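Topology and contacts: notes
Chain by chain, the residues:
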Amino acid sequence: MDNKELAIIKPENIQAIVQAAPQSYNDNKNSHDRCIDFGLTILNAVRTQGMNDELDRQAASFIDKARRTVKVMNERRSPVTKLFDEVRSAFTTMENEIDPTKPGTVAYDLQQFRNQYAAKKRAEEEQRLREAEARRKAEEARQRFRQDVEDDFKRQFQQLVNENIDKLTATDNNVTLDTYEQSLAFIKGFDKELPSGWLANLKSCVRIPAGMDITKVKAVEADTKQRLGRQFSEQYAFEVGQTADYILDRLPSKKANLEKMAKDNAEEAARIKAEMEARQKSEAQRIEAERAAREAEERRKAEMERKTAEMTSLFDSQAVAATYAPKTKVTKKINLLNPEGIMPILSLWWSKEGCTLSVDELAKMFKKQIAFCEKLANKEDLTINDESVEYVDEVKAK
């Protein structure tokens, strides 16, 4: 502590304050009461009689004496209040020197370093999250590309199967006695195995994600072919082979019906033909329904795989490593880039709050600005011309 602080906390100084304060207070109280009593006499006379020259002179004399009385009262109490002020100052100085909100204190300086560190950590965390999100989106795009390639390959495969089944079905539907042996040979010799080279020559028509390397694209296609190869071979042999076998089983009875139609009269031939066509139509509908069901199941599985991949990507993005980060409170602060920036701020404030305030509240809030405009009016005769503003003359007696 310096000498001033030591002087303040000495018991004798405190005792001096205690002793001097009552006398100073009493003297000032008497001066206060006498001044008010004398002034009230003049004020009551003005209120009852109205102002005249004599009362104006008395009032002016009283006001001058009141000013001198205030000065004397101030000098009388000054030693007491000054010491009180010094005591208060000593206490507040000690408090301010450790107050984290006061610039220059150790706590304040540490808080600034903490703020800078917290901002740095926050920026690093945001950057890390942006990079993680970019990686997640890239992986999501790759997963979606893999699924799209698989869907495309399955679509092309199903198209191949449908085309060959349609060939077999068309041959069966168009068989006649004249073409029977030729149709029978065609169906018996129809290749029920996946055409060699078809899988190797299979190409995807899916759009490649932006930034994906061509080598990775080829790797995805190759991996998908390897995974689907066995499934395609087995499914092709089953669907095409089943169709061919079914047709072959029915061909002898169909030939018999065709021969019978050739021998019977027109009416009986028409009946047999109608029955054959009805059976063919019913069978075609059954085969088409089974094919549609298989395709719907494939689409359902593909959609489930797609959703699973999306959920996995989402969970992976949320599984972040826990790292230390100081507790922070982030608030937005306005930084004016130039003086003109104050205008939109005032405009927003006026639209949200200013327009709801009273004239007195606004006048108090903008006291400095109003005083500046009054100064311009009095010194430069520069006034505001607006229906919401008026100038009135204020007259003061000297």
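Refer to the structure printed above.
Residues numbered from 1 in each chain as written. Predicted model: local features only at pLDDT ≥ 70, side-chain atom pairs only at ≥ 80, totals over all residues. Heavy atoms only, no water.

**As for the overall build of the chain**
Cut-off, in case you're wondering: Here a helix means four or more residues in a row that DSSP labels H or I, a strand means two or more in a row labelled E, and each is numbered from the N terminus. Buried residues are those whose accessible area, probed at 1.4 Å on protein chains only, stays under 20% of the maximum for their type, while exposed residues exceed 50% and partly exposed ones sit between those limits. Whether two residues are in contact is decided by their heavy atoms, any of which lying within 4.5 Å being enough.
Per the secondary structure count, the chain includes ten helices and zero strands. Along the chain, from the amino end to the carboxyl end, the secondary structure elements read α-α-α-α-α-α-α-α-α-α. Looking at the 398 residues of the chain, the share that counts as buried comes to 23%. Pairs at least 24 apart in sequence give 72% of the contacts found in the chain among residues at least 6 apart.

**Thoughts on a nonpolar patch on the surface**
Operational definition: Patch definition: residues with relative accessible area over 30% and no salt bridge; like charges joined within 9 Å; nonpolar side chains (Val, Leu, Ile, Met, Phe, Trp, Tyr) joined within 5 Å. Residue burial considers only the protein chains on display, and all accessible areas are found by Shrake-Rupley using a 1.4 Å probe. Within this document, salt bridges are pairs made up of a side-chain nitrogen of Lys or Arg and a carboxyl oxygen of Asp or Glu, the two lying within 4 Å of each other.
On the surface, Ile334, Leu336, Ile342, Met343 and Leu346 cluster together to form a nonpolar patch covering roughly 470 Å² of accessible area. Within the fold, Leu346 resides in helix α8 (residues 342-352).

**Focus on the nonpolar core**
Most often, soluble globular proteins have nonpolar side chains that are buried together. Note the cut-off: To qualify as a nonpolar core, a set must consist of buried Ala, Val, Leu, Ile, Met, Phe, Trp, Tyr and Cys residues joined through side-chain atoms within 4.5 Å.
The biggest cluster of nonpolar side chains holds 28 residues, and the ones touching the most others in it are Trp198, Phe232 and Tyr236. Looking at this core element by element, the count peaks at nine residues for helix α6 (residues 214-263). Here Phe232 is in contact with Phe153, Lys154, Phe157, Leu194, Trp198 and Leu199, once residues within four sequence places are set aside. By size, the runner-up hydrophobic cluster in this structure holds eight residues, among which are Cys35, Val46, Leu55 and Phe62.

**Examining the pattern of salt bridges**
Once the charged atoms of two side chains with opposite charge are near each other, the side chains can pair. All chains considered together, the criterion is met by 20 salt bridges. Close ionic contact of Lys29 with Asp33 constitutes a salt bridge, the shortest N to O distance being 2.9 Å. Taken together, the residues span about one helical turn, with Lys29 and Asp33 both in helix α2 (residues 11-49) at a distance of four residues. Judged by relative accessible area, which is 35%, Lys29 ranks as partly exposed. Three or more residues are tied together by salt bridges with common partners; here these are Glu133, Arg136, Glu140 and Arg144.

**Looking at unusual backbone geometry**
With a phi angle near 55°, Asp381 is a residue other than glycine that sits in the positive phi range. Tracing the backbone shows Asp381 in the segment after α10 (367-380). According to the relative accessible area criterion, Asp381 is exposed, its value standing at 66%.

**What about the side chain of Thr105?**
What counts here: Polar contacts, as used here, are pairs of N or O atoms within 3.5 Å; protein pairs need one atom able to donate a hydrogen and one able to accept it. Residues neighboring in sequence count only if both atoms are side-chain atoms.
With respect to the helices and strands, Thr105 occurs in the loop between α3 (53-96) and α4 (106-173). A polar contact is formed between the side chain of Thr105 and the backbone oxygen of Asp99, at a distance of 2.9 Å. Engagement of the side chain of Thr105 in a polar contact is seen with the backbone nitrogen of Tyr108, the distance being 3.0 Å.

**Quick look at α3**
Note the cut-off: To estimate the expected span of a helix, count its residues, drop one, and scale the result by 1.5 Å. Bend, at a single residue, is the angle you get between axes fitted to the 7 residues ending at that residue and the 7 residues starting at it.
With 44 residues, α3 should cover 64 Å at 1.5 Å per step; its first-to-last C-alpha distance of 56 Å lies more than 12% under that length. Of all the bends in α3, the greatest, near 50°, is centred on Ser78, and the proline Pro79 appears no more than four residues after it. Listed in full, the buried residues belonging to α3 are Leu55, Ala59, Phe62, Ala66, Met73, Val80, Leu83, Val87 and Ala90. At the N-terminal end of α3, a side-chain oxygen is found 3.1 Å from the backbone nitrogen of Glu54, two or three residues along, and the residue is Asn52.

**Considerations on the packing of aromatic side chains**
Operational definition: Only centres within 6.5 Å qualify two rings of Phe, Tyr or Trp (six-membered ring in Trp) as a pair; their planes then separate them into stacked at under 30 degrees, edge-to-face at over 60, and tilted for everything else.
All told, the structure shown has seven aromatic pairs when counted by the stated rule. Taking 5.6 Å as the distance between ring centres and 70° as the angle between the ring planes, the aromatic pair formed by Phe186 and Phe190 counts as edge-to-face. The buried category is assigned to Phe190, whose relative accessible area is 13%. Summarising the aromatic geometry, the rings of Trp349 and Phe366 are spaced 5.7 Å apart at their centres and angled 65° between planes, so their arrangement reads as edge-to-face. Separated by 17 residues along the polypeptide, Trp349 in helix α8 and Phe366 in the loop between α9 (359-365) and α10 bring together distant segments of the chain. Its relative accessible area of 21% is what places Trp349 among the partly exposed residues. Exposure remark for Phe366: the relative accessible area of 27% places this residue in the partly exposed category. An aromatic cluster of at least three residues, connected via ring pairs, comprises Phe157, Trp198 and Phe232.

In short, geometric facts, not functional conclusions.
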